[in-house]
Amino acid sequence: MVAGEIAHGERAHALLSASGAHRWLHCPPSARLESTLPDTESEAAKRGTLAHEISELKLQKAFFGLKAAKFNSELKKKQKHELYEPVIEEHTNAYLDYIQSLVHSFPTPPHIAVERKLDLTEYIPEGFGTSDCIVIGAGRLHIIDYKNGSGVPVPAEDNPQMKLYALGAYKAFAMWFPIQEIHIAIVQPKVWNNPSEWSLPVEDLLAWGESIKPIAQQAFAGEGAYSVGSHCGFCRAKATCRARVEHLLEAGTAAPKKPPLIGWDEVGEVLKKADGIVSWYNDLKKLALAEALKGGDVPGWKVVEGRGGREYVDLDKAFAYLKEQGIDDSILFKRQPLTLPQLEDALTKKVYKELLVEPGHVVSRPGAPALAQIEDKRPAYNPQVKPEDVFSTAPEQS
Ligand code: SF4
């Protein structure tokens, strides 16, 4: 057991939350606009909360002397949650392993704080945030965050949420511990085998904190310009925000120029402007359907019955009857191998590696080439494929 602290309780959200900083730093008025819209927690968010609670229990046991009997009874309660999946254990163990190896790398036991609420008011009006795990020792402040999502990779580099936690932690602990370097790690086991890590000197962090103060003031006041970008995907206003609608629909007006076919010089601009148009359209349609189902009027649209399907009244009874009628199992059931990700979940990462990866039964194939904006953090694709394998038709050059 090491010196440290663990806090508990519900995670509240500030108007300018650290987790939303990526959005409100780009689009300051989004924070006030969002606060006028209902906040519904997605299933993915609920699953994330459960994974965080399980991680916290594991940290309590590893570092704060939580007795095995209490740990087991608390864990059992969490495992009864309707969203619990066994693979959560493996993912939260990856988080625990990372923190354990970090803690053991210090010459003397570091200070550990778990689920620590941090005061951010020096930088953000009424700002606070809750950091998953803070480890301090040997002149270093480590901020470690667990992300349960699989859809969007969250890199540690220049991550504003993590930098805000680091500022809050620095302000809370600098009086007690000498801190020269900030280390940030994001453990996102569904996306990366190894955590994403990044570090910066304290001076750079403090300078960044100063630089965001005017933006935070603007955001708190609901002022500033609406700015459309990839951050809109995380905004509650993403479907109906006028700035976004106008930006997306302008995409169509950017194309017509003199030659009937657009050239490569225009393709990049049109694609950039139209980025997000498909998901925005689907979000808006979903919202309009909900409104129409509630009895609201969405001019020009109505609700119709979608394509129906067939289903067994009682699968067991139906199959038992078919068997009685002499239908063989080979007709009723299809034997199918599990996919590699399913098998990895079923076997656990360790056994999967021992039985499949190490004997050479699994090879990694490169992903298909995908077009990404120049700011994308991934390295540029190393083309092993011929362009004609990817493109069937290409715009004519004018
Ligand atoms: S959808 Fe985008 S532009 Fe509109 S408020 Fe949200 S972040 Fe800003």
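Before going into details, it helps to say that this report is about the structure given with it.

**Considerations on the pattern of salt bridges**
One pass over the full model with this rule turns up 17 salt bridges. A salt bridge links D158 to K163, with the nearest nitrogen and oxygen atoms 2.6 Å apart. Take D158: its relative accessible area is 43%, and that puts it in the partly exposed class. Linked through salt bridges whose partners overlap, the residues forming this network are E43, R47 and E85.

**Remarks on the nonpolar core**
Ranked by internal contacts, the top residues of the largest apolar core, which has 36 residues, are W24, I134, L141, I143, L164 and I182. Contributing elements (two or more residues each) for this core: α1 (21–26), β2 (111–119), β3 (128–137), β4 (140–146), α6 (160–173), β5 (181–187) and α7 (202–221). Top element by residues in this core is α6. It accounts for eight residues. Residues A51, Y84, I88 and I144 belong to the second largest nonpolar core, which totals 27 residues.

**Side note on the packing of helix α13 (residues 340–347) against helix α14 (residues 349–357)**
Two numbers describe how α13 lies on α14: the axes approach to 6 Å, and their chain directions differ by 115°. Every pair of crossing elements has a handedness; the one defined by α13 and α14 is right-handed. Here L340, L343, E344 and L347 of α13 come into contact with α14, specifically with K349, V351, Y352 and L356. In the contact of α13 with α14, the residues fall into six nonpolar, no polar and two charged.

**A look at the site of the ligand**
In the vicinity of the ligand, 13 residues are found, and the nearest of them are C27, S227, C232, C235 and C241. Across the shell around the ligand, the residue classes tally to seven nonpolar, three polar and three charged.

**Some points on the packing of helix α3 (residues 43–63) against helix α4 (residues 68–79)**
In contact at an axis separation of 10 Å, α3 and α4 are set at 175° when each is read in the N-to-C sense. As the angle between them shows, α3 and α4 are arranged roughly antiparallel. For the pair α3 and α4, contact is made by L50, E53, I54, L57, K58 and K61 and by A68, F71, E74, L75 and K78, respectively. Among the residues forming the contact of α3 with α4, the class breakdown is six nonpolar, no polar and five charged.

**Quick notes on α4**
The end-to-end C-alpha distance of α4 is 16 Å, a good match for the 16 Å that twelve residues give at a rise of 1.5 Å each. Buried residues of α4: F71, E74 and L75, and no others. Looking straight down α4, one finds that the buried residues subtend no more than 100° of arc, so they occupy a single side. Residues A69, K76 and K77 are exposed on α4 and point more than 90 degrees away from its buried face.

Cut-offs applied
Residues numbered from 1 in each chain as written. Predicted model: local features only at pLDDT ≥ 70, side-chain atom pairs only at ≥ 80, totals over all residues. Heavy atoms only, no water. Salt bridge = Lys/Arg side-chain N within 4 Å of Asp/Glu carboxyl O. Buried < 20%, exposed > 50% of the residue type's maximum accessible area, 1.4 Å probe, protein only. Core = buried A, V, L, I, M, F, W, Y, C linked by side-chain atoms within 4.5 Å. Helix = DSSP H or I, 4+ residues; strand = E, 2+ residues; numbered from the N terminus. Axes fitted to C-alpha atoms, helices over the stretch in contact; angles between N-to-C directions. Left-handed = near helix turned anticlockwise from the far one by under 90°. Contact = heavy atoms within 4.5 Å. Nonpolar A, V, L, I, M, F, W, Y, C, P; charged D, E, K, R; others polar. Near = heavy atom within 4 Å. Parallel < 35°, antiparallel > 145°, perpendicular 65-115°, else oblique. Expected span 1.5 Å × (residues − 1). Arc of directions from axis to C-beta.

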